[in-house]
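Okay, here's what each chain looks like letter by letter:
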Amino acid sequence: FRGSDIIGRVGGDEFMIYIRNMEDEEWLSKRCFRLQQEVKSLSNEHGNINMTVSIGAAIVREEKVNFDEMYRIADNSLYKAKTRGRGKYVMHHVHTEEGEF
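Attention in this report is confined to the structure presented alongside it. (Residues numbered from 1 in each chain as written. Predicted model: local features only at pLDDT ≥ 70, side-chain atom pairs only at ≥ 80, totals over all residues. Heavy atoms only, no water.)

### Let's talk about the overall build of the protein
Along the backbone of the protein there are 2 helices and 4 strands. Going residue by residue from the N terminus, the α and β elements of the protein occur as β-β-α-β-α-β. C-alpha atoms of the protein, sized along the principal axes, occupy 50 × 30 × 25 Å. For the protein, restricting intrachain contacts to residue pairs at least 6 apart in sequence, the fraction spanning at least 24 positions comes to 52%. Accessible surface, the protein as shown: approximately 7600 Å² in total, 48% of it carbon and sulfur. With 15 positive and 17 negative side-chain charges, the protein shows a spacing of 6 Å between the two charge centroids. (Helix = DSSP H or I, 4+ residues; strand = E, 2+ residues; numbered from the N terminus. Contact = heavy atoms within 4.5 Å. Areas by Shrake-Rupley, 256 points an atom, 1.4 Å probe, with all protein chains shown as cover. Lys, Arg positive; Asp, Glu negative; His and termini not counted. Charge placed at Lys NZ, Arg CZ, Asp CG, Glu CD.)

### A look at the pairing of strand β3 (residues 55–59)
Within β3, 4 of the 5 residues are buried, which leaves the element mostly enclosed by the surrounding structure. Running through helix α2 (residues 67–83), the crossover from β3 to the neighbouring parallel element strand β4 (residues 89–93) is left-handed. (Buried < 20%, exposed > 50% of the residue type's maximum accessible area, 1.4 Å probe, protein only. Right-handed = clockwise from strand over helix to strand, strands pointing away.)

### Structural notes on the nonpolar core
Grouped together as the largest cluster of nonpolar side chains are 11 residues: I19, M22, W27, L28, C32, V39, V53, I55, A57, I59 and M91. Residue contributions to this core peak at 4 residues, all from helix α1 (residues 25–45). Ignoring any residue separated from it by four or fewer positions in sequence, one finds W27 in contact with F1, R2, D5, I19 and M22. (Core = buried A, V, L, I, M, F, W, Y, C linked by side-chain atoms within 4.5 Å.)

### Thoughts on the layout of surface pockets
There is about 1500 Å³ of room inside the largest pocket. Together, 40 residues line the largest pocket, and F15, M16, I17, G56 and A57 are the ones closest to its centre. Listed by contribution, the elements that provide at least two residues to the lining of the largest pocket are β1 (6–11), β2 (14–18), α1, β3 and α2. With 7 residues, α2 is the single largest residue contributor to the lining of the largest pocket. (1 Å grid on protein atoms, 1.4 Å probe; cavity = no way out; pocket = protein on both sides within 12 Å on 5 of 7 lines; lining within 4 Å. Points joined across faces, edges and corners; volume = space filled by probe spheres on them.)

### Section: the environment of N76
Within the fold, N76 resides in helix α2. Taking the relative accessible area as the measure of exposure, N76 reaches 37% and is therefore partly exposed. Expressed as a C-alpha distance, the spacing of N76 and S41, which sit 35 residues apart in the sequence, is 27 Å.

### Some words on a nonpolar patch on the surface
A grouping of F1, I7, I17 and L35 is seen on the molecular surface, where their side chains present a nonpolar patch of about 330 Å² in accessible area. Mapped onto the elements of the fold, I17 is located in strand β2. With a relative accessible area of 32%, I17 lands in the partly exposed category. (Patch = residues over 30% accessible without salt bridge, like charges linked within 9 Å, V, L, I, M, F, W, Y side chains within 5 Å. Salt bridge = Lys/Arg side-chain N within 4 Å of Asp/Glu carboxyl O.)

Below, the structure is given as structure tokens:
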């Protein structure tokens, strides 16, 4: 990720990355894939450890969404990724035109 991105531990084994001025969805998709590959590579270096990464993302363009809503949407995306199996990621586009997500 970039130096301007904010990365923090939410709790347990969950982390959050805040990305401002994201280039495009493909850029994010590549970063998610690379992160998953890096963790898999670490697993292979240490033998019998099998680590995977599930990722949930909330993508907002011009809409005004508060932090709590962004967190809820990203968390729901993470849950969807986990239900699809190990090592998946789900990206959700946030649209607030009619007040629905």
